[in-house]
Every structure is written in C-alpha cells, then in structure tokens.
Amino acid sequence: VNARYIKTAGYEGNPYIEALPRGYSYMEIQYAYNKPVTVPTVDELQAMDEYEQEDSVDILDNFRVSLPFHTLLEKQFHQALISSYKRRKIIEDSDYDVHLTIKGKDVVTHNKLVPKNMSDPAIGFTLLGTSGCGKSTGINMLLSHYPQTIFHNWDSWQRRVQIVYLLVHCTPNSNFQKLYENIGEAIDNA
C-alpha cells in the first residue's frame, strides 16, 4: 500500500512508525478476532443430500473466537514494530543508488534504514503453546490488520519500500542455507 501517515506522539516525523496502522483496542480485538458462522437449520439440513450435508460441516472451519492471549499478542507485535523502528535511522543520498526489483520492474531508491547504534538489540517476542491451541490462527488474524509492504514517497527520489513483516517458513530438519533461502523467498513474496 502507499503510506498514509498517522501522527504518533513521541515519534513525530518517523515515517516508518507513522505509516503503521493503530493497534487494535480491546474492543476492536473482540470484534476482529471473533468470526461467527451461519450454519444450516435442521430443516435446511434435512432438505440437503448427503454430500451437501458433509460440505456444510466445513463451514465450521471458519469459526473463530477471541482468546485471552490475542490482546497480548496484538500489543506485543505492535510494540516490537515500534521499538525496532525507533532504533533505526534513514540514510539518504540522491547520488547513492540502491537497486530493487518490484513487481518485475527495476527500481532505484536512494536510501536505506540502518541501526542508530550497533548496540541496539532486536526487539521481539515468543509465542509458545501446544499444537492446535490457536497460535497460527492468532498470528494470521493479527497480520490481517497490517499491510506487509508500504511504499513511501513513491513519486520522488526519496522513495522507500518498507517491509513491515516477513512470513518465513522454517523447514524441519534443514540447515542455515535453507533458512536463508526461505528468508529470501519471503522477501521476494513481500
């Protein structure tokens, strides 16, 4: 998406932070994360053939309910983004070319984002839970609120591409080479 900036107290003028959507409030999380489904009535089920009845059960796969950890997940993800971007600075130079390929077209930009201090740690969080408890579904619902790629100042020499997040699949029983390939593929997909 093209950047739309929201003034953010304490981070005025940081385009990477001000281009992010506001985090969901508790009530917005309840609304966004609850996904009711409409199931057929008893009369409608009786009017269906066997295949239609079995197919109607698949509707239940779309049912979602907000879980207690979703609020914390939203806040931690938003905080991780803010913390990361406040520890970075933009280096711009109209004489410095950074070559990118976007949608199959060669694009030149003249800036990059670097850490302000080498000692600034990367901020993150860990989401742990048993299989089937809703971790992946929670992450999918969380990420639906954020654009993956944001374009800044696209019509000027100061144009920038901001990749907000990457979805990297870690292949089981593989090595770092495969992980790096998967990271590159996630960047290409973004």
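Residues numbered from 1 in each chain as written. Predicted model: local features only at pLDDT ≥ 70, side-chain atom pairs only at ≥ 80, totals over all residues. Heavy atoms only, no water.

Participant: Which parts of the structure should I look at to understand the nonpolar core?
Facilitator: Proteins that are soluble and globular tend to have nonpolar side chains buried together. In this structure, Phe-77, Leu-81 and Leu-142 are the most contacted members of the largest nonpolar core, which totals 20 residues. Elements with a minimum of two residues in this core: helix H1 (15-18), helix H2 (26-33), helix H5 (69-86) and helix H6 (135-143). Here this core takes five residues from H5, the largest share from any one element. Once residues within four sequence positions are removed from consideration, Leu-142 is found in contact with Tyr-33, Leu-73, Glu-74 and Phe-77. (Core = buried A, V, L, I, M, F, W, Y, C linked by side-chain atoms within 4.5 Å. Buried < 20%, exposed > 50% of the residue type's maximum accessible area, 1.4 Å probe, protein only. Helix = DSSP H or I, 4+ residues; strand = E, 2+ residues; numbered from the N terminus. Contact = heavy atoms within 4.5 Å.)

Participant: Honestly, the packing of aromatic side chains in this entry has me stumped. Any pointers?
Facilitator: Aromatic ring pairs: the centre-centre distance and the angle between the two ring planes describe each pair. Counted by the stated rule, this structure contains three aromatic pairs. Taking 5.7 Å as the distance between ring centres and 20° as the angle between the ring planes, the aromatic pair formed by Tyr-16 and Tyr-85 counts as stacked. Here Tyr-16, found in helix H1, pairs with Tyr-85, found in helix H5; they are 69 residues apart in sequence, far enough to count as distant. Using a relative accessible area of 5% as the deciding quantity, one classes Tyr-16 as buried. Tyr-85 gets classed as buried once you look at its relative accessible area, which sits at 9%. (Phe/Tyr/Trp six-rings, centres within 6.5 Å; stacked < 30°, edge-to-face > 60°.)

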